[in-house]
Amino acid sequence: SQQGEEDPQALSIQEGENATMNCSYKTSINNLQWYRQNSGRGLVHLILIRSNEREKHSGRLRVTLDTSKKSSSLLITASRAADTASYFCATDTWGEGAQKLVFGQGTRLTINP
Amino acid sequence: NAGVTQTPKFQVLKTGQSMTLQCAQDMNHEYMSWYRQDPGMGLRLIHYSVGAGITDQGEVPNGYNVSRSTTEDFPLRLLSAAPSQTSVYFCASSYSTDMNTEAFFGQGTRLTVV
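Remember, it's a predicted structure, so these values are computed and weren't measured experimentally.

1. Comments concerning the nonpolar core
And then number 1: Of all hydrophobic cores here, the largest spans 22 residues; its most connected members are Leu32(A), Trp34(A), Leu74(A), Ile76(A), Tyr87(A) and Leu109(A).
And then number 2: Taken together, the elements giving at least two residues each to this core come down to β2 (10-14), β3 (19-24), β4 (31-37), β5 (43-50), β7 (61-66), β8 (71-76), β9 (85-92) and β11 (107-112) of chain A.
And then number 3: Among the nonpolar cores identified, the runner-up in size contains 20 residues, and Cys23(B), Ala81(B), Tyr89(B) and Val113(B) belong to it.

2. Some details on unusual backbone geometry
And then number 1: For the bond from Asp7(A) to Pro8(A), the omega torsion is -5°, close enough to zero to count as cis.
And then number 2: Along the chain, the position of Pro8(A) falls in the loop between β1 (5-7) and β2.
And then number 3: In this structure, Pro8(B) follows Thr7(B) across a cis peptide bond, with omega equal to -5°.
And then number 4: Relative to the assigned elements, Pro8(B) resides in the loop between β1 (4-7) and β2 (10-13).
And then number 5: A positive phi angle, near 55°, is found at Lys70(A), a position not held by glycine.

3. Looking at the sheet that holds β1(A)
Residue and element names in this part refer to chain A.
And then number 1: The sheet built from five strands is open, its strands ordered β1-β3-β8-β7-β6 with antiparallel pairing. If you trace the sheet from one side to the other, it starts and ends with β1 and β6 (55-58), each paired once. Each neighbouring strand pair of the sheet contributes to a mean axis angle of 15°, computed without reference to strand direction.

4. Let's talk about the state of the cysteines
All names here are of chain A.
And then number 1: Evaluation of the coordinates by the stated rule reveals two disulfides over all chains.
And then number 2: Bridging Cys23 to Cys89, the disulfide has an S-S length of 2.0 Å. Note on the Cys23 and Cys89 pair: the S-S dihedral is about 65°, so by sign convention the disulfide is right-handed. Remark: Cys89 occurs in strand β9 and Cys23 occurs in strand β3; sequence separation between them is 66 residues.

5. Remarks on the side chain of Gln85(B)
Residues and elements named next belong to chain B.
And then number 1: Within the secondary structure, Gln85 sits in the loop between β8 (76-78) and β9 (87-94).
And then number 2: A distance of 3.3 Å separates the side chain of Gln85 from the backbone oxygen of Gly63, its partner in a polar contact.
And then number 3: Non-local contacts of Gln85, meaning those with residues more than four positions away in its chain, are made with Arg36, Asn62, Gly63, Tyr64, Leu78, Ser80, Leu111 and Val113.

6. Overview of the packing of aromatic side chains
And then number 1: All chains considered together, the criterion is met by seven aromatic pairs over all chains.
And then number 2: Summarising the aromatic geometry, the rings of Phe103(A) and Tyr35(B) are spaced 5.5 Å apart at their centres and angled 90° between planes, so their arrangement reads as edge-to-face. Here the residue Phe103(A) occupies a position in strand β10 (residues 101-103), and Tyr35(B) occupies one in strand β4 (residues 31-37), the pair thus bridging two chains. The pair formed by Phe103(A) and Tyr35(B) is uniform in burial state, with each residue classed as buried.
And then number 3: Joined through ring pairs, the aromatic side chains of Tyr35(A), Phe103(A), Tyr35(B) and Phe105(B) make up one cluster.
And then number 4: A cation over a ring is seen here: Arg68(B) above Phe74(B), with NZ or CZ 5.9 Å from the ring centre.

7. Regarding the interface of chain A and chain B
And then number 1: On the side of chain B, 26 residues touch chain A, which itself brings 26 residues to the contact.
And then number 2: For the pair chain A and chain B, the summed buried surface comes to about 2100 Å²; carbon and sulfur atoms form 47% of the total.
And then number 3: Taken together, the connections running from chain A to chain B amount to zero salt bridges.
And then number 4: Counting across the interface, chain A meets chain B through eight residue pairs in polar contact (both at pLDDT 80 or more).
And then number 5: Classifying every residue of the side of chain A that touches chain B by side-chain character gives eight nonpolar, 13 polar and five charged.

8. A look at the side chain of Asp83(A)
Residue and element names in this part refer to chain A.
And then number 1: Within the fold, Asp83 resides in the loop between β8 and β9.
And then number 2: Given a relative accessible area of 8%, Asp83 falls into the buried group.
And then number 3: Looking at Asp83, its side chain comes within polar contact range of the side chain of Arg60, at 2.9 Å.
And then number 4: Contact partners of Asp83, with chain neighbours within four places excluded, come to Arg60, Ile76, Leu109 and Ile111.

9. Comments concerning the layout of surface pockets
And then number 1: For the largest pocket, the calculated volume is near 710 Å³.
And then number 2: The wall of the largest pocket is formed by 31 residues, among which Gln37(A), Gly40(A), Gln37(B), Gly40(B) and Arg110(B) lie closest to the centre.
And then number 3: Among the elements of the structure, β9 and β11 of chain A together with β9 and β11 (109-113) of chain B are those that each provide at least two residues to the lining of the largest pocket.
And then number 4: Of all the elements, β11(B) adds the most residues to the lining of the largest pocket, at four residues.
And then number 5: Classifying every residue of the lining of the largest pocket by side-chain character gives eight nonpolar, 18 polar and five charged.

Rules behind the numbers
- Residues numbered from 1 in each chain as written.
- Chains lettered and ligands numbered in written order.
- Predicted model: local features only at pLDDT ≥ 70, side-chain atom pairs only at ≥ 80, totals over all residues.
- Heavy atoms only, no water.
- Core = buried A, V, L, I, M, F, W, Y, C linked by side-chain atoms within 4.5 Å.
- Buried < 20%, exposed > 50% of the residue type's maximum accessible area, 1.4 Å probe, protein only.
- Helix = DSSP H or I, 4+ residues; strand = E, 2+ residues; numbered from the N terminus.
- Pairing = 2+ DSSP bridges.
- Axes fitted to C-alpha atoms, helices over the stretch in contact; angles between N-to-C directions.
- Disulfide = S-S within 2.5 Å.
- Polar contact = N/O pair within 3.5 Å; in protein donor to acceptor, adjacent residues only side chain to side chain.
- Contact = heavy atoms within 4.5 Å.
- Phe/Tyr/Trp six-rings, centres within 6.5 Å; stacked < 30°, edge-to-face > 60°.
- Lys NZ or Arg CZ within 6 Å of the ring centre and 35° of its normal.
- Buried area = accessible area lost by both parts, 1.4 Å probe.
- Salt bridge = Lys/Arg side-chain N within 4 Å of Asp/Glu carboxyl O.
- Nonpolar A, V, L, I, M, F, W, Y, C, P; charged D, E, K, R; others polar.
- 1 Å grid on protein atoms, 1.4 Å probe; cavity = no way out; pocket = protein on both sides within 12 Å on 5 of 7 lines; lining within 4 Å.
- Points joined across faces, edges and corners; volume = space filled by probe spheres on them.

Purely spatial values, then, with no claim about function.
Pasting the structure below:
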């Protein structure tokens, strides 16, 4: 079963605007990761936030994590047409010495020029 | 550095046929895994391996077999293909000794079972 639920399922904004995607999960986690998938391609890692971190930045990306609410958000600032893609959150529970990534259903982001 | 390489990129099978999806990585990662992605959904874990000779089941293992004879390769076998196995399959690898590590994904194999 899916651990994470992402909201919204689809988002369409104008270039230059900010995009915010949310992810909720159900169980305790070791870390939470965000990935991007361009149409027909594999997933590319964007950012990882550990369970003891509350906020992390990487370029135009800002991720927050609230373990008490079991939720995370990904903010992309000053969006560009090249940001058009699907974005997935994945929780890592690290069980039995193995990485166990459980993915949400994704948010499909469209940046309109 | 090629990263994670999957072959083939596309495949059409008839119901009941068997085939092997290949996955190779050149990053000396101990941990490798297979996922399937169905339309409008995230990825679901099929099988994973924490090192050569060690494999385990994920969330949706039925109908699939894996083995890990080397660190580099982690093939996924479909024993008797069914239309429900029509999906896009992704292989991933990561450092298993690091509890906080990203996964590296291949470009995927799009499989259609008719």
